[in-house]
Structure formats: C-alpha cells, structure tokens
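Per-entry structural report
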Amino acid sequence: MAADDRLDDDPLARRLREAHRRVVALPAPEKERFARRYLAICELAKRDPERAAARLEVFVASLGGDLDTPRAPESTPGD
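Numbering of residues begins from 1 in every chain and follows the order in which that chain's sequence is written. It should be noted that, the model being predicted, local features are given only for residues of pLDDT at least 70 and side-chain atom pairs only at 80 or more, the latter also being counted only at that level, while totals for whole chains, interfaces and linings use all residues. Computation of side-chain values covers all heavy atoms of the structure but excludes hydrogens and water.

**Observations regarding the overall build of the protein**
Here is the rule we go by: Secondary structure counts use DSSP, requiring at least four H or I residues in a row for a helix and at least two E residues in a row for a strand, with both numbered from the N terminus. The buried label applies to any residue whose accessible area, calculated with a 1.4 Å probe on protein chains only, is under 20% of its type's maximum; exposed applies above 50%, and partly exposed to all values in between. Contacts between residues were defined by any pair of non-hydrogen atoms, one from each residue, lying within 4.5 Å. To measure how exposed things are, a 1.4 Å probe is used in the Shrake-Rupley method; for residues, cover is taken only from the protein chains shown.
Regarding its fold elements, the protein presents four helices and zero strands. Tracing the protein from N to C terminus, the helices and strands come up as α-α-α-α. Residue burial in the protein is summarised as follows: out of 79 residues, 27% are buried. Within the protein, residue pairs in contact and separated by at least 24 positions form 57% of the contacts whose partners lie at least 6 positions apart. A total of about 5,400 Å² of accessible surface is found on the protein, and carbon and sulfur atoms cover 54% of it.

**Structural notes on helix α3 (residues 28–47)**
What counts, and what does not: Expected helix span is given by 1.5 Å per residue-to-residue step, counting one fewer step than there are residues.
For α3, built from 20 residues, the straight-helix expectation of 28 Å at 1.5 Å per residue is met to within 8% by its first-to-last C-alpha distance of 29 Å. Residues of α3 that are buried include every one of Phe34, Tyr38, Ile41, Leu44 and Ala45, and no others. Those residues of α3 that are buried are in contact with α2 (11–24) and α4 (49–63).

**Topic: the environment of Leu16**
Residue position: Leu16 is located in helix α2. It is 7.5 Å that separates the C-alpha atoms of Leu16 and Cys42, two residues lying 26 residues apart in sequence. When near neighbours in sequence (up to four residues on either side) are disregarded, Leu16 contacts Tyr38, Ile41, Cys42, Ala45 and Leu56.

**Details of the packing of α3 against α4**
For the record, the criterion: For every element, the axis is a line fit to its C-alpha atoms; helices are fit only across the contacting stretch, and the angle between N-to-C directions ranges from 0 to 180 degrees. Working rule for angles: under 35 degrees goes down as roughly parallel, over 145 as roughly antiparallel, 65 to 115 as roughly perpendicular, anything else as oblique. Here a crossing is called left-handed whenever its near helix is offset anticlockwise from the far helix by less than a right angle, and right-handed whenever the offset is clockwise. Only Asp, Glu, Lys and Arg are considered charged, only Ala, Val, Leu, Ile, Met, Phe, Trp, Tyr, Cys and Pro nonpolar, and every remaining residue, Gly among them, polar.
Viewed as axis vectors pointing N to C, α3 and α4 meet at an angle of 160°, and their least axial separation amounts to 7 Å. The angle between α3 and α4 falls in the class roughly antiparallel. The interaxial crossing formed by α3 with α4 has left-handed handedness. On the side of α3, the interface is formed by Phe34, Arg37, Tyr38, Ala40, Ile41, Leu44, Ala45 and Arg47, while α4 contributes Pro49, Arg51, Ala52, Arg55, Leu56, Val58, Phe59, Ser62 and Leu63. The residue makeup of the contact of α3 with α4, split by class, is 12 nonpolar, one polar and four charged.

**Concerning a positive patch on the surface**
Note the following rule: Put simply, a patch holds well-exposed residues, over 30% relative accessible area, that have no salt bridge, with like charges counted together within 9 Å and Val, Leu, Ile, Met, Phe, Trp or Tyr side chains within 5 Å. When a carboxyl oxygen of Asp or Glu lies within 4 Å of a side-chain nitrogen of Lys or Arg, that pair is called a salt bridge. The charge count includes Lys and Arg as positive and Asp and Glu as negative, but it does not include His or the ends of the chains. We put the charge of a Lys on NZ, of an Arg on CZ, of an Asp on CG and of a Glu on CD.
A cluster of basic residues, Arg33, Arg37, Arg47, Arg51 and Arg55, forms a positive patch at the surface. For the positive patch, the secondary-structure elements that each account for two or more residues are α3 and α4. Here the positive patch takes three residues from α3, the largest share from any one element. Structurally, Arg33 is set in helix α3. Look at Arg33 and you get partly exposed, because its relative accessible area is 44%.

Here's what the structure looks like:
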C-alpha cells in the first residue's frame, strides 16, 4: 500500500502533504519562513484538527493559491 492510499481517508493529512510538497519546492530564503509556519500547523493538527485546517487554508493562500497541484508524470507514488 502506497503512502497516498492512506491519505484518502484523511483530507487534512492529504492537504498537509500537498502543502509540504509546495514548501519544499520554494527557493531557500522563502522556504525557511514557510517551513516554520508549516511545522506549527502540523503541530496544531495533533491537538486541534479543525483549527489546523483553518490555518492551513490561510497558509495555502499565502503560498499562492490552490493546493491540489497535479502530480508530474515522472513522480513516483508516495513522493
């Protein structure tokens, strides 16, 4: 079973994973700032998933839009 298969059951986990992919792709100066915010949202998700989902929406907007980026054909599942 691929890691993405388990994420279908949890929309917040799927969106956090997509946000992580977007943060990793940022240039170095921006990456550090966004990575800190991302980690804070992940930590909040452990205690208060609803509030984390709301913060994730704001975070995604600051990244520049919609989260569901299409997976490149050469990407392997689980990357």
